[in-house]
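Structural characterization, general
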Amino acid sequence: MRYRQILFLTALLGSAGLKASAAEAAVTGLRTEYLVNPIGIDEVHPRLKWMLKDSRSGATQTAYQLIIGTDSMAVVKGEGNGWTTDKTTSVAMLVAYAGKPLAPYSKYFWKVKVWDKDNKEISSAVNSFETGLMGERWTGAWISDRKGIDARPAPYFRKGFKAQKKIKSARAYIAVAGLYELFLNGKKVGNHRLDPMYTRFDRRNLYVSYDVTANLQQGENAIGVLLGNGWYNHQALAVWNFDRAPWRQRPAFCMDLRITYTDGTTEVIATGNDWKTKTGPITSNNIYTGEHYDSRLEIPGWNKPGFDDQKWDGISLRSAPSRQIVSQTMEPIRNVEEILPKSIKKINDTVYLVDLGRNIAGVTKLKLNGESGTVVRIKHGERLYPNGRLDMSNIDVYYRPKDDSDPFQTDIVTLNGKPVEFMAKFNYKGFQYVELHSSKPIKLSKNDVTAYFMHSDVKPAGQFGSSNEIVNKIWWASNNAYLSNLFGYPTDCPQREKNGWTGDGHFAVETGLYNFDGISVYEKWMADHRDEQQPNGVLPDIIPTGGWGYGTANGTDWTSTIAIIPWNLYLFYGDTKALSDNYSNIKAYVNYVESISKDGLTSFGRGDWVPVKSSSSLEYTSSVYFYTDALILSKTAGLFGKTEDQEYYTQLAEKIRTAINNKYFNKETCLYGSGVQTELSMALQWHVVPEEYRLQLAANLAKRVVADKMHLDVGVLGAKAVLNALSENGQEEIAYKLAAQDTYPSWGWWIANGATTLQENWDMQAPRDISQNHMMFGEVGGWFFKGLGGIKPDESAAGFKNILLRPNFVTGLSHMESEYEGPYGKIVSSWKRSGKSIAYTVVIPANSSADFQLSGAEKRHIYLDGKQLDNNYHLSAGTYHFIIK
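All chains use their own residue numbering, which begins from 1 and follows the written sequence. Only residues with pLDDT of 70 or above have their local features reported here, since the model is predicted, and side-chain atom pairs are shown and tallied only from 80 upward, although totals for entire chains, interfaces and linings are computed over all residues. The side-chain numbers reported here are obtained from all heavy atoms of the structure, hydrogens and water having been left aside.

Quick look at the overall build of the protein chain
The test is simple: Secondary structure elements are defined from DSSP: runs of H or I of at least 4 residues count as helices, runs of E of at least 2 residues count as strands, and each element is numbered from the N terminus. Taken over C-alpha atoms, the radius of gyration is set against a globule rule of 2.2 Å times the number of residues to the power 0.38. A 1.4 Å probe rolled over the protein chains alone gives each residue an accessible area, and that area as a share of the maximum for its type sets the label: buried under 20%, exposed over 50%, partly exposed in between. In what follows, a contact means two residues having at least one pair of non-hydrogen atoms within 4.5 Å.
Within the protein chain, the regular secondary structure consists of 16 helices and 51 strands. Against the globule reference of 29 Å for 885 residues, the protein chain gives a C-alpha radius of gyration of 28 Å, in line with a compact fold. Principal-axis analysis of the C-alpha atoms gives the protein chain an extent of 85 × 70 × 55 Å. For the protein chain, buried positions account for 62% of its 885 residues. Within the protein chain, counting contacts between residues at least 6 apart in sequence, those at least 24 apart form 75% of the total.

Examining unusual backbone geometry
Here Asp195 and Pro196 are connected by a cis peptide whose omega angle stands at -10°. Mapped onto the secondary structure, Pro196 falls in the loop between strand 16 (187-188) and strand 17 (205-211). Residues Tyr744 and Pro745 are joined by a peptide bond in cis, for which omega reads -5°. Mapped onto the fold, Pro745 is located in the loop between helix 14 (732-740) and helix 15 (747-752).

So, the pattern of salt bridges
Stated formally: Salt bridges are defined as contacts in which a side-chain nitrogen from Lys or Arg sits within 4 Å of a carboxyl oxygen from Asp or Glu.
Counted according to the given criterion, the structure contains 51 salt bridges. The salt bridge involving Asp54 is made with Arg56; its shortest N-O contact spans 2.8 Å. In terms of burial, Asp54 and Arg56 fall into one category: buried. The partner of Lys720 in a salt bridge is Glu510, with the nearest N and O atoms 2.9 Å apart. In this pair, Lys720 is assigned in helix 13 (residues 716-727) and Glu510 in helix 4 (residues 509-515), connecting sequence segments 210 residues apart. In this structure Glu510 comes out as buried when scored by relative accessible area, which is 12%. What emerges from the salt-bridge pattern is a single network uniting Glu33, Arg47, Glu523 and Asp575.

Considerations on the packing of helix 9 (residues 618-639) against helix 11 (residues 677-685)
Each pair of packed helices gets described by two things: the angle between the helix axes and the distance between those axes. Going by this rule: An axis is simply a line fitted to the C-alpha atoms; with a helix, the fit covers only the stretch in contact. Between two such axes, the angle follows the N-to-C directions and lies from 0 to 180 degrees. Any angle that is under 35 degrees is reported as roughly parallel, and any over 145 degrees as roughly antiparallel; angles of 65 to 115 degrees are reported as roughly perpendicular and all others as oblique. Take the far helix as the reference: if the near one is turned anticlockwise from it by less than a right angle, the crossing is left-handed, and if turned clockwise, right-handed. Basically, the charged four are Asp, Glu, Lys and Arg, the nonpolar ten are Ala, Val, Leu, Ile, Met, Phe, Trp, Tyr, Cys and Pro, and anything else, Gly included, counts as polar.
The geometry of helix 9 relative to helix 11 is characterised by a closest axis approach of 11 Å and an angle of 15° between their N-to-C directions. In this view, helix 9 runs roughly parallel relative to helix 11, as classed from their interaxial angle. When the axes of helix 9 and helix 11 are compared, the crossing they make is left-handed. Residue-level inspection shows Tyr620, Thr621, Val624 and Tyr625 of helix 9 in contact with helix 11, the latter providing Thr678, Glu679, Met682 and Ala683. Tallied by class, residues from the contact of helix 9 with helix 11 come to five nonpolar, two polar and one charged.

Things to note about the nonpolar core
Applicable threshold: Only buried residues count toward a nonpolar core, which is a set of Ala, Val, Leu, Ile, Met, Phe, Trp, Tyr and Cys residues joined through side-chain atoms within 4.5 Å.
With 210 residues, the main nonpolar core has Tyr672, Trp747 and Leu875 as its most contacted residues. Ignoring sequence-local partners within four residues, the contact set of Trp747 consists of Ile474, Leu712, Ala719, Leu723, Leu738, Ala739, Leu758, Trp762, Phe777 and Val780.

Remarks on the sheet that holds strand 4 (residues 47-53)
Applied cut-off: What makes two strands pair is DSSP finding at least two bridges between them.
Pairing is antiparallel in the open sheet, where three strands are placed in the order 2-4-8. Lying at the two open borders of the sheet, with one neighbouring strand each, are strand 2 (26-32) and strand 8 (94-96). Here the average twist between neighbouring strands, direction ignored, is 20°. Looking at chain direction, strand 4 and strand 8 are connected through three bridges and run antiparallel. Within strand 8, the residue paired with Lys49 across the bridge is Leu94.

Focus on the side chain of Arg496
For Arg496, the location among the structural elements is in the loop between helix 2 (469-484) and helix 3 (502-507). With relative accessibility at 2%, the residue Arg496 sits in the buried group.

Quick look at the environment of Gly546
Turning to its location among the elements, Gly546 is positioned in the loop between helix 5 (519-532) and helix 6 (556-559). In the structure, Gly546 is positioned 197 residues away from Asp349 in sequence and 43 Å away in space, judged by C-alpha atoms. Residues in contact with Gly546, not counting those within four places in the same chain, are Phe242, Arg244, Ala245, Pro246 and Trp247.

With respect to the pairing of strand 45 (residues 825-834)
For a regular strand, the rule is simple: side chains alternate between the two faces of the sheet. Sheet topology places strand 44 (residues 815-822) next to strand 45; eight bridges connect them, and they run antiparallel. Its bridge partner lying in strand 45, Glu817 is registered against Ser830. Between strand 44 and strand 45, which follow one another and run antiparallel, lie two residues. Sheet topology places strand 45 next to strand 46 (residues 837-844); seven bridges connect them, and they run antiparallel. Of the residues in strand 46, the one forming a bridge with Ser834 is Ser837.

A closer look at the sheet that holds strand 43 (residues 802-805)
Hydrogen bonding along the main chain pairs the strands of a sheet, whether they run parallel or antiparallel. What the four strands build is an open sheet, ordered 42-43-47-50; its pairing is mixed. In the strand order of this sheet, the two ends are held by strand 42 (791-793) and strand 50 (873-875), each with one partner. Ignoring strand direction, the axes of neighbouring strands in this sheet form an average angle of 30°. Here strand 42 pairs with strand 43 via three bridges, running antiparallel. Residue pairing for strand 43: Pro793 is matched across the bridge by Ile803.

Some words on the packing of aromatic side chains
The line we're drawing: Here is the rule: rings of Phe, Tyr and Trp (six-membered ring for Trp) pair when centre to centre is within 6.5 Å. Planes less than 30 degrees apart are stacked, more than 60 are edge-to-face, and the remainder are tilted. Charges are assigned to positions over rings by a cutoff of 6 Å between ring centre and Lys NZ or Arg CZ, combined with an angular limit of 35 degrees from the ring normal.
Throughout the structure, instances matching the rule amount to 60 aromatic pairs. Members of the aromatic cluster, connected to one another through ring pairs, are Phe464, Trp475, Tyr514, Phe572, Trp783, Phe784, Phe785, Phe800 and Tyr820. Sitting over the face of the ring of Trp558, Arg606 holds its NZ or CZ atom 5.7 Å from the ring centroid. Note that Lys801 overlies the ring of Tyr824, its terminal NZ or CZ placed 5.3 Å from the centroid.

Here we look at helix 8 (residues 577-595)
Cut-off, in case you're wondering: The length a helix should cover is 1.5 Å for every residue beyond the first. Bend, in this description, refers to the angle at a residue between axes fitted to the seven residues ending there and the seven starting there.
In this model helix 8 runs 28 Å from its N-terminal to its C-terminal C-alpha over 19 residues, within 8% of the 27 Å that 1.5 Å per residue would give. Most pronounced at Tyr583, the bend in helix 8 amounts to some 55°. Turning to helix 8, its buried residues number three or more, namely Ala578, Leu579, Asn582, Tyr583, Asn585, Ile586, Tyr589, Val590 and Val593. Contacts made by the buried residues of helix 8 are with helix 5, helix 6, helix 7 (561-573), helix 9 and helix 10 (643-664).

In structure tokens form, the structure reads like this:
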């Protein structure tokens, strides 16, 4: 609809102009390496960040001073023996430590003073970070039991010791090849799950640090460690060949328990020949299948002082699995959300079916009781057969078991005649339904079953809501799918594969970053990329990998993660570290693709995976991503002052773009390739189309969508591009209708059919590729913030230092609310329609700004305090209320 918009602007909290009554300003959000008061920091120059909370209009930081030292009271007084900067005139709120060399095993306290726009000093509270080994040698040795890689039972380890003096503090540092749980004096240490995170074990291992002061006592103490196989000793057979991984061994670990006594002395209790080991009730565990637990083999008190371990076995000494043992500096996996069953159905005396009411990744905790020797099989799956029984046929298709001893997604518990509480320690599943089979009758009620939604415990960053419940449920489902596939690295699905598919990771990166503070997970995953990259620059399809994925299809549309993810971390956080860490890797990758590409074009890729019906040219789609990678590399070279590289890769990018347009762009029809949605939208999304044809191409894309009856006809590459291509180029109404569609094929079709996560296939009854918890079509969850809320990062002032504010007031909604917690604070873009008017609220956090622009109208008149403004209007920090008529 063509209409005339008249825009009136008032600033919040004031009756006129941009005046605002100020709440008390504060410095908040202090983080070290993006974590709150972390311990185990190995980074020589850890990043320190903060925010200014100041609601006044135009609020900004004009200067800062950092005070860092080992004496907390001195830091409170403004004195730091590590690093005290001068009062530094700067708006920066992300600064790398540049003081005296950090000492290992040391706690540093820090605060920041900020001067606001009125030159008023505001001081933060004192926060801390604690260093880990910082490259120091471990005291402990790597140990394991004396069993081989095919032994199923999990090994238990213990050591008793006596603390002779009063304890001031204690830290545990533990590095594990495999998975572990750590116990001190009978209690589990921490609430992490599936530690340490999965890496390429023969190239890099992670250690985890704990403050265990409260776990120890003067006198007798005991350490207990339980090891699981994880990805290190993958015993299950599947098409990905992890059973043949070059690192595969029986799990092992190394530990230093460092105790500081009140008299200033230290003692290290370390792994070595004096430890004891034995197997116990966990008779089998596999990250891919399940966990078997025989409660008759429980060992009461095994991890407590005074336990008699004389009949336990000695350990074996092992070499370290890699030469690189580094701190795990990231948000851990946890049991984040407890979910009670929606229903439990008794099929007969030995079979029960539990329905959670939603699809998750995680585990079940069960209270079981029955005759000793009763075997309970606990099967997990996503869907049911028509007869109401569990159907696992959509998720067990790549499992290749040699027998029936280790069934897929199934825990097996053997009862002992007493109440047993069971929850798998070294496994997780993707499921909505749980079917329990017992060899003898048992009783089970809803109170006996609890599910836990497990994932990397990243802090929420975005909130979204609207008047369309289908849209709201799509956003919620995309978040559920994203979190279900975040386990220290992004995965494709939490059941069938659990693989770090590169394409799925970068298709969904913006959805992840708009909704969650996930930088620590992504930075770890990029280190996995560096570990996996071959000397010629090639990357595998899945990362980490045991060797699978180096083929002919692991090309640009998938493995462009190496460029796209660091670039997005820069855009969202304003932090160049990921680009710096991966610069040589991006360059090696682009150079490899250039070496195999004729005249700027390449077919090195997988293509538009799982399309609705239409296929796209593999050479075209692969070349578009090649262009994107070269362009990112040229921009990154410019950021780092690498002028020779900048010039070379700018020219290469232009060569690729020209080659694409010469071969695939028809100027007369303004179409790419065969004119399908994916081909048209990718040229717009990735800025391949010449500027003079951009709007016409977007109009042609809109026509194509209308011709496709307002439905999607894309695979994963088109799903990433199509909504952005429309909404950013004057076709926001079509984009919204496509996003909100609830008939097949669409995101809403999944929701209308009961989905609570995103799916792997538009056709929910397809013969293959039908995981019901997949993230590869997940761009839609980020598009709501961009395409409706209009909250976008500004490449020239990254990290939302300046916000590109481009809201779209689509006619299909009566209201929309979007919020994003960026590096500078909460950004709000929300609107509500009332008759012919729209009330639009904007919040720009302190120390940032926004360039506001409306789209879609033929002509606008924008007024502020009676003065007419240009269509493009620059907003300083503050809260604003617009009325659009």
